[in-house]
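Residues per chain are reported as follows:
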Amino acid sequence: MYLVRVSSNATVTKEAVADCSEQTLCDLLATDVTERLRALEAPEAFTEQGIALCYYIDGRGGERQLDANFCGTCLYHTGCPIYGDLLFAAVQAHTPRSMTAAECDILIPWLCEQFASLSVL
């Protein structure tokens with residue numbers, strides 16, 4: 001199972017994980033401080049299956065950051081810069097979960113279409 005990471009240097013990667021627990025997310029973000037936000041949009045293939053997206057952000061602050069408007073109009077916009085990295089998980093029945101490789105392969109190009117500044121590693 002996987003999560004999709006958007007790094008503060010605007011690269012997108014697929015991260016292998018055993019689960020989507022809070023501890024896993026904190027370990028991947030290298031912080032105990034995370035904020036979970038629900039994305040307003042998702043790829044059509046997700047919505048057809050009743051899958052939504054949420055993302056977890058590293059809110060500690062620092063010098064590396066994604067643009068303040070990174071979340072744009074398709075994701076919930078906090079109006080604040082996102083410091084560190086951002087992790088995407090799928091949501092079904094209001095419960096976050098990791099994604100399959102196939103779901104990541106749908107999400108990653110969709111994110112790159114929404115945000116031209118992203119690149120895939």
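Procedures and definitions
- Residues numbered from 1 in each chain as written.
- Predicted model: local features only at pLDDT ≥ 70, side-chain atom pairs only at ≥ 80, totals over all residues.
- Heavy atoms only, no water.
- Phe/Tyr/Trp six-rings, centres within 6.5 Å; stacked < 30°, edge-to-face > 60°.
- Helix = DSSP H or I, 4+ residues; strand = E, 2+ residues; numbered from the N terminus.
- Lys NZ or Arg CZ within 6 Å of the ring centre and 35° of its normal.
- Buried < 20%, exposed > 50% of the residue type's maximum accessible area, 1.4 Å probe, protein only.
- Contact = heavy atoms within 4.5 Å.
- Pairing = 2+ DSSP bridges.

Caption draft 1: The packing of aromatic side chains, seen in detail. By the definition in use, this model includes one aromatic pair. Centre to centre, the rings of tyrosine 55 and phenylalanine 88 are 5.7 Å apart; their planes meet at 45°, and the pair counts as tilted. In this pair, tyrosine 55 is assigned in strand 4 (residues 52-58) and phenylalanine 88 in strand 7 (residues 86-92), connecting sequence segments 33 residues apart. In this structure, lysine 14 is placed above the aromatic ring of tyrosine 2, and the distance from its NZ or CZ to the ring centre is 5.3 Å.

Caption draft 2: A look at helix 1 (residues 22-29). Along helix 1, the residues that are buried comprise Thr24, Leu25, Cys26 and Leu29. If you follow the buried residues of helix 1, they end up packed against strand 1 (2-6), strand 3 (34-38), strand 4 and strand 7. Alanine 30 sits one or two residues past helix 1 and shows a positive phi near 55°.

Caption draft 3: Region of interest: the environment of threonine 24. Note that threonine 24 resides in helix 1. Given a relative accessible area of 15%, threonine 24 falls into the buried group.

Caption draft 4: Up close: the pairing of strand 7. Among the seven residues that make up strand 7, six are buried, leaving the element largely enclosed by the rest of the structure. Pairing analysis gives three bridges linking strand 1 to strand 7, with the strands arranged antiparallel. Across the sheet, the residue bridging to valine 4 is phenylalanine 88, located in strand 7. Across six bridges, strand 4 lies against strand 7 in antiparallel orientation. Its bridge partner being in strand 7, leucine 53 is matched across the sheet by alanine 90. With three bridges joining them, strand 7 and strand 8 (residues 95-97) adopt antiparallel strand pairing. Bridging across to strand 8, valine 91 finds its partner in proline 96. Between strand 7 and the antiparallel strand that follows it, strand 8, lie two residues; alanine 93 among them carries a positive phi value of about 55°.

The values are spatial; any link to function lies outside them.
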